[in-house]
Amino acid sequence: MTEPNQPPTVERALRQAEVVAALAAVLPARALLWQREDVTPYECDGLTAYRERPLAVALPETEAEVAAVLRACHALKVPVVARGAGTGLSGGAMPHRLGVTLGLAKFNRILAIDPLARTATVQCGVRNLEISEAAAPYGLYYAPDPSSQIACTIGGNVAENSGGVHCLKYGLTLHNVLRVKGFSVEGEEVVFGSEALDAAGLDLLALVVGSEGMLAVTTEVTVRLVPKPQLARCIMASFDDIRNAGDAVAAIIAAGIIPAGLEMMDKPMTAAVEDFVHAGYDVDAAAILLCESDGTAEEVAEEITDMEAVLTAAGATRLQVSENEAQRLTFWSGRKNAFPASGRISPDYMCMDSTIPRKRLADILLAIQQMEGKYGLRCCNVFHAGDGNLHPLILFDANNADELHRCELFGADILETSVRMGGTVTGEHGVGIEKLGSMCVQFTPEERAQMLALKRAFDRNELLNPGKVIPTLQRCAEGGKMTVRKGLLPFPELERF
């Protein structure tokens, strides 16, 4: 594991004293951390292989304090990295070594539930699942459901454009957010989107959703709520051949069926999950699919019958339909616990995130099997199969520098192979620092220059989450590869400050 990389002690101490003094003037003492032991818990997000300690951590409790922190940092030209629950998996919330981490966990209030308009207005630190819990008395819920929904925050979901197992039918965060309120790098209030059918002026909502904290700091979000379906049932389908399972996914969509959820797990992942949650999975299958239908009882009955016919024709060796709500939730509990299940069988894992055309699902799985031999590491695979979003979990030991290096190469190979198959380097986890090199593979220098120009239109000095998402010309000239050297974070982009 790489050690946090710090500038010379004197330079850092002087800069830290200056920053802490400026922030102490606008924040109460309880809202400002700078001692080593206090800031260490903030040194990484869910991508734990890379770590940095910030100069300070600001924990504002009001929007006025957020604005004041941003103004103070802008005046000093200090980088700012916004952070929610820290559940991100691409290093998007990793601190800057000469910057401030802006923790927004205290913004955790649900401001309004409007059952008639079917909307909820919440602060950015509200947990994803908490929105559905608050809307439940009105027969409503918030559809995007990432596996980390018990912990991840809506502000983080906006930053990454998160999805979840039901995103095929109900869409990603972008499709379920109406309005985002926050602050620019200068501390000016900004609003994207509207609760009305249209927004005045340029509609920049789609721009800020998925921008990974590079354009503005989100403090408040208005989301769309949907009615809870009368009924939901889930099919667990087993396949003795990976290609048959992949073809089955494409066949379901080709048949005009849009399931509420369509997920795929390979044999190693199924075994890990079954040993953890005992969901009743077929551990002998080469791959299993979870196919869910929701709606009225009549709609569900018809769709389940149609999906069973397609799955059988595609070569399913076993079909099991949930008989009640408890069993349906058990089926999904396995899928939603894929990550912790992997943590039980390996000291560490790195979860990749790319997207490919559905028809290439089997091809990428077979390619990953070849890569396991090439890099000498195991990989468990779970997919949002309906939209081709892959989540291979590469198992390694972060205490072994060589294994970490091979893991990085393995991950880059998966991403580059996805691009060659007509896909993209990310689906819902963002680019962060993890996929900087792979951005060089997918996008031309001209395209990357346009991305940078867009960021600079919002943030001229590149102070909001710098060194993330958009690779430098130097990195792409070097082939986009990461190199791990003890005590030196492998991201030269961060050394500009």
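Refer to the preceding data block for the structure.
Every value quoted in this text rests on a predicted model; they were computed, and no experiment measured them. (Residues numbered from 1 in each chain as written. Predicted model: local features only at pLDDT ≥ 70, side-chain atom pairs only at ≥ 80, totals over all residues. Heavy atoms only, no water.)

Asker: Explain the sheet that holds strand β9 (residues 189-193) here, please?
Answerer: Strands in a sheet are paired, the pairing made by backbone hydrogen bonds, and the direction either parallel or antiparallel. Judged by pairing direction, the sheet is antiparallel, and its five strands sit side by side in the order β5-β6-β10-β8-β9 without closing on themselves. Either end of the sheet is taken by a strand with one partner, and the two such strands are β5 (110-114) and β9. This sheet shows a mean twist of 10° between the axes of neighbouring strands, independent of strand direction. Bridge analysis of strand β6 (residues 119-123) against strand β10 (residues 217-224) gives five bridges, and the strand direction is antiparallel. In the sheet register, Val-122 faces β10, and the bridge partner there is Val-221. In this fold helix α4 (residues 128-135) packs onto β5, β6 and β10, with an angle of close to 45° to the strand it touches most, β5. (Pairing = 2+ DSSP bridges. Helix = DSSP H or I, 4+ residues; strand = E, 2+ residues; numbered from the N terminus. Axes fitted to C-alpha atoms, helices over the stretch in contact; angles between N-to-C directions. Contact = heavy atoms within 4.5 Å.)

Asker: How should I be thinking about the side chain of Asp-459 in this particular structure?
Answerer: Structurally, Asp-459 can be placed in the loop between α17 (445-458) and α18 (473-477). Engagement of the side chain of Asp-459 in a polar contact is seen with the backbone nitrogen of Leu-464, the distance being 2.7 Å. Setting aside its immediate chain neighbours within four residues, Asp-459 contacts Val-185, Met-214 and Leu-464. (Polar contact = N/O pair within 3.5 Å; in protein donor to acceptor, adjacent residues only side chain to side chain.)

Asker: What is the right way to look at the environment of Lys-169 in this model?
Answerer: Turning to its location among the elements, Lys-169 is positioned in helix α6 (residues 167-170). Judged by relative accessible area, which is 34%, Lys-169 ranks as partly exposed. Residues within four places of Lys-169 in sequence aside, it is in contact with Ile-258, Pro-259, Ala-260 and Asp-294. Of the polar contacts made by the side chain of Lys-169, one reaches the side chain of Asp-294; its length is 2.6 Å. (Buried < 20%, exposed > 50% of the residue type's maximum accessible area, 1.4 Å probe, protein only.)

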